[in-house]
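Each chain, letter by letter, is given below.
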Amino acid sequence: MKQLSRRQFLKSSAFTATTIAISTSLSACISRDDRPNLSIVNFNYGVASGDPSSSSVILWTHAEPQDKSQVVNIQWELASDSAFKDVVRSGLIKTKQNQDFTAKVDVQELSPATQYYYRFIGAQMTSPTGITRTLPQGSIEQVKLVVVSCSNYPAGYFNAYQDAAQIKDIDAVLHLGDYIYEYPMGGYATDKANEIGRALAEDNATELLNLEDYRKRYALYRSDKGLQALHAAAPFIVVWDDHEVCNDTYKNGAENHNAGEGDFFARRAAAIQAYYEWLPIRPPYGEQKPEIYRSFEFGSLLSLYMLDTRLIGRDKQLSYQDYRDTKTQQLDVNSFLTDLNKPQRTLMGKTQFSWLEKAVSQSTSQWQMLGQQVLMAKMLIPAEVFAGGELVQTAQRIAALKTLKDQLDAGGNLSKADRTRLASVMPYNLDAWDGYPAEREAVYALFKTLNKPLVVLAGDTHNAWYSKLKDKDGYPIGVQFATPGITSPGMETYLKLDDNSAPKVASDLTALIDELEYCNLHQRGYLVVTVTPQNMLAEWRFVDNILSEDYRIIDSYQLNKQA
C-alpha cells in the first residue's frame, strides 16, 4: 500500500475545497415545482445535525448517486413543522466524489431556542426527516444533554443510541469520542462479530490507514439504525478521542502506529478529513486544521467547553513498564514520579489552555462544563491491586484491601505494613488526566481562582463513574460524570467479572479510591444530564443486551448535584 507524506496528502486531499454550503436569511427558498437537475441518489445513512448556536446549525446527509456520477445535486429544506408546510429555508447543494458524497449546510440567521425539521431531496427520493434545535439565549430553566461515547460496531448493536433517541426534550447530544474504531477484523472486540452479524466488510476488514479506509468505516457505523435514529432526533456536539485515528494517540504518534504503517501525520490527516466529512461539525479552525476545541452557550445557564485532550497537545503517555528493572521488574518509583510530575507535561497544549482560560474568565453562565474525552478525577488505587499476577486475581486483591479499609475506618488497629498497603497508591490509567497531574492542577487553579465550580464530562473507559474533584490540597473543585460505552467492553471483560461479582468490585473500588463516589463496571449504556438553575441531575441508563437489536433498560442510577 502506497503511503503519502503529510505534505503530499494535504496537497492531494479534498481539504483544498470548501465542503460546507452557507445559507442565510437572504437565501431564496427553492420552489417545490422548481427542482432543476436534481440527481437520482440514495440516502442510505440518514440525516444529522450538529454544532448548534442560538442562530445557526449544521445539517448533514450522504447522497449516494445511483449511477457513476462524480457530482450530485440535491435539495434541502428546513421547516417549522414536520409536514413541511411552513418551509422557512431551502436550497440546492452539490456534493462530489472527493467529498465522499457527504453534504453539509450551515444554516444561519435562525431563531434561538427553536425546534426545526429538516430533510434532503433527490430526483426520486426524499431522505428521512431530522429534528434539530437552536440554542437558547438569556435566562432559561433547563438544558438536557445526552452524553455518549465508545461505540464499537463489531462488539454489538447500538441499542443505547436507539434508546437515547426516545428521550424527550433533548437540547443536544454530546459525543465524547471513539465514534468509530480503527481495528481490523480479528482485533479488539470482534470475537462475536460473525455470530451476531456485525463483521467488518471484506474490503474494510484491515486496520484503517488511509482516507478510503476511514470513509468506509464511517459508512459502516452509520448504517446502524440506532445511530441513525439518535442523529435524527437531536443536534450532535462532537469531539474525537483516539480511535478516530488509532489507539492511544498523542500529538506526534500513537501506540497503534508503527513505522511500517507509513507517515503518522498522513494517517492522522486522512482520519481527520473523514471525520469532518461524516460528522455534522463546523470545523472551528478550518477543514485543514486538527484543532477541534470550541464552546457553546446555553443561555445564561450553561457554558460548555469542548476540549481536545488527544491530538494537538498531548505529550506521549508514560508507561510503568519503562520504569521497571528488566530483570527484577522492580519499579523505579522516584524516576517515575519525577517524570510524571514535570510541570511542562501537557495534555491540552499551551494554545488550547490559553483559549480555555480566556473563555472561562469571560463567561457569565451559572454552570461551567468541560466536555472532553478522558477521566479527570484522581483514580489512585493501592499499588498491589495491579502488582502482577493473573488479572482474575485482581478482584480478590481489591476485596482484601477493602476489608483493611473497613477496619481502618472503624478505628481498628492495623499494622504498619497494612497501613502502607492502603497508603501506597498509584494512578491506574496513565492515558487519563492522572498521567498529566501538573496541567490538571492548572485547570483546577483556573476554576478555583475564578470561583466557578467545575463540571467535567468524560468517556473513554467504557464504564460509568461519578467522582468529586479535589485539587492537590484537598480543596473541592467540582464533579465528574463519565458515561459508559455504547458497546465497547468495560472493566468486567479485563477482570473477568460476571453480573454478580462486578457490582461487588465496583463497591469496593468506591471505598478504596478517595474521589470516587459511584461506578458501574459491567453494563453498556449512556448518560443524561439535566441542568437547571438549582441543580444538575445525572442519570446513567443501562441496556441489558447488545448482541441483537432486542433490548430493554435494566438499570439506572441518578445523582442530584445542588448548585
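Below or above, wherever it landed, is the structure these notes cover. Everything quoted here is computed from the prediction, not taken from an experiment.

What counts, and where the lines are drawn
- Residues numbered from 1 in each chain as written.
- Predicted model: local features only at pLDDT ≥ 70, side-chain atom pairs only at ≥ 80, totals over all residues.
- Heavy atoms only, no water.
- Core = buried A, V, L, I, M, F, W, Y, C linked by side-chain atoms within 4.5 Å.
- Buried < 20%, exposed > 50% of the residue type's maximum accessible area, 1.4 Å probe, protein only.
- Helix = DSSP H or I, 4+ residues; strand = E, 2+ residues; numbered from the N terminus.
- Contact = heavy atoms within 4.5 Å.
- Polar contact = N/O pair within 3.5 Å; in protein donor to acceptor, adjacent residues only side chain to side chain.
- Salt bridge = Lys/Arg side-chain N within 4 Å of Asp/Glu carboxyl O.
- Pairing = 2+ DSSP bridges.
- Axes fitted to C-alpha atoms, helices over the stretch in contact; angles between N-to-C directions.
- Parallel < 35°, antiparallel > 145°, perpendicular 65-115°, else oblique.
- Left-handed = near helix turned anticlockwise from the far one by under 90°.
- Nonpolar A, V, L, I, M, F, W, Y, C, P; charged D, E, K, R; others polar.
- Phe/Tyr/Trp six-rings, centres within 6.5 Å; stacked < 30°, edge-to-face > 60°.

Quick notes on the nonpolar core
Point 1. With 86 residues, the main nonpolar core has Tyr275, Phe298, Met369, Phe481, Val529, Val531 and Trp540 as its most contacted residues.
Point 2. Element by element, the count of residues in this core is highest for helix H6 (residues 264-278), at 8 residues.
Point 3. Apart from residues lying up to four places away in sequence, tyrosine 275 is in contact with Tyr218, Val238, Val239, Trp240, Glu244, Ile281 and Ile292.
Point 4. Formed by 50 residues, the second largest nonpolar core is a distinct cluster that contains Leu401, Trp433, Tyr436 and Tyr444.

A word on the side chain of aspartate 471
Point 1. As for its position among the elements, aspartate 471 is in the loop between strand E22 (464-470) and strand E23 (476-482).
Point 2. Taking relative accessible area as the criterion, aspartate 471 reaches 8% and is therefore assigned buried.
Point 3. Here aspartate 473 takes part through its backbone nitrogen, which lies 2.9 Å from a polar atom of the side chain of aspartate 471.

Observations regarding the pattern of salt bridges
Pairs may arise between side chains of opposite charge once their charged atoms sit close together.
Point 1. Summed over the entire model, instances satisfying the criterion amount to 28 salt bridges.
Point 2. Between arginine 198 and aspartate 224 there is a salt bridge; the shortest N-O distance is 3.0 Å. Of the two residues, arginine 198 sits in the loop between helix H3 (193-196) and helix H4 (211-222) while aspartate 224 sits in the loop between H4 and helix H5 (225-233), which places them 26 residues apart along the sequence.
Point 3. Assessed through its relative accessible area of 5%, aspartate 224 is described here as buried.
Point 4. Here aspartate 514 and lysine 470 are joined by a salt bridge, their closest N and O atoms 3.6 Å apart. Of this pair, aspartate 514 sits in the loop between helix H13 (501-512) and strand E24 (516-520) while lysine 470 sits in strand E22; the two residues are 44 residues apart in sequence, bridging distant segments of the chain.
Point 5. For lysine 470, a relative accessible area of 26% translates into the label partly exposed.
Point 6. Residues joined in a network through salt bridges with shared partners are Asp241, Arg310, Arg314 and Asp431.

As for the sheet that holds strand E18 (residues 367-371)
Point 1. With mixed pairing, the 7 strands of this open sheet are ordered in space as E16-E17-E18-E21-E23-E22-E24. With partners counted over all chains shown, the strands left at the sheet margins are strand E16 (294-298) and E24, one partner each. Averaged over all pairs of adjacent strands, the angle between their axes in this sheet comes to 20 degrees, without regard to strand direction.
Point 2. In this structure, E22 lies alongside E23, joined through 6 bridges in antiparallel fashion. Within E23, the position partnered with leucine 469 by the bridge is glycine 478.

Some thoughts on the packing of helix H9 (residues 394-409) against helix H10 (residues 416-423)
Point 1. Where H9 contacts H10, the two axes come as close as 10 Å, and the packing angle between them is 110 degrees. Classified by the angle their axes make, H9 and H10 are roughly perpendicular. Crossing hand, H9 versus H10: left-handed. Contacts from Leu401, Leu404, Lys405 and Leu408 in H9 reach Asp418, Arg419, Arg421 and Leu422 in H10.
Point 2. Among the residues forming the contact of H9 with H10, the class breakdown is 4 nonpolar, no polar and 4 charged.

Focus: the sheet that holds strand E7 (residues 87-96)
Point 1. The strand order across the open sheet formed by 4 strands is E7-E6-E9-E10, and the pairing between neighbours is antiparallel. Taken across any chain shown, the strands that pair with only one partner, and hence form the sheet edges, are E7 and strand E10 (130-133). Strand-to-strand twist across the sheet, computed as the mean angle between neighbouring axes with direction ignored, equals 30 degrees.
Point 2. Note: strand E9 (residues 115-121) against E10, 4 bridges, orientation antiparallel. Of the residues in E10, the one forming a bridge with tyrosine 117 is isoleucine 131.

Regarding unusual backbone geometry
Point 1. In the Ramachandran plot, glutamine 329 falls in the positive-phi region, its phi being about 65 degrees despite a non-glycine side chain.
Point 2. Within the element layout of this structure, glutamine 329 appears in the loop between strand E17 (302-306) and helix H7 (333-340).
Point 3. We note that aspartate 460 has phi near 75 degrees; this positive angle belongs to a residue other than glycine.
Point 4. Looking at where aspartate 460 falls in the secondary structure, it is placed in the loop between strand E21 (454-458) and E22.
Point 5. Take aspartate 460: its relative accessible area is 12%, and that puts it in the buried class.

Re the packing of aromatic side chains
The description of an aromatic ring pair rests on the distance of the ring centres and on the angle between the ring planes.
Point 1. Overall, the coordinates contain 23 aromatic pairs when judged by the stated rule.
Point 2. Taking the centre distance of 6.0 Å and the plane angle of 35 degrees together, the rings of tyrosine 179 and tyrosine 218 count as tilted. Here the residue tyrosine 179 occupies a position in the loop between strand E12 (172-175) and H3, and tyrosine 218 occupies one in helix H4, the gap between them amounting to 39 residues. Of the two residues, tyrosine 179 and tyrosine 218, both sit in the buried class.
Point 3. Taken together, a centroid distance of 5.8 Å and an interplanar angle of 45 degrees make the contact between tryptophan 240 and tyrosine 276 tilted.

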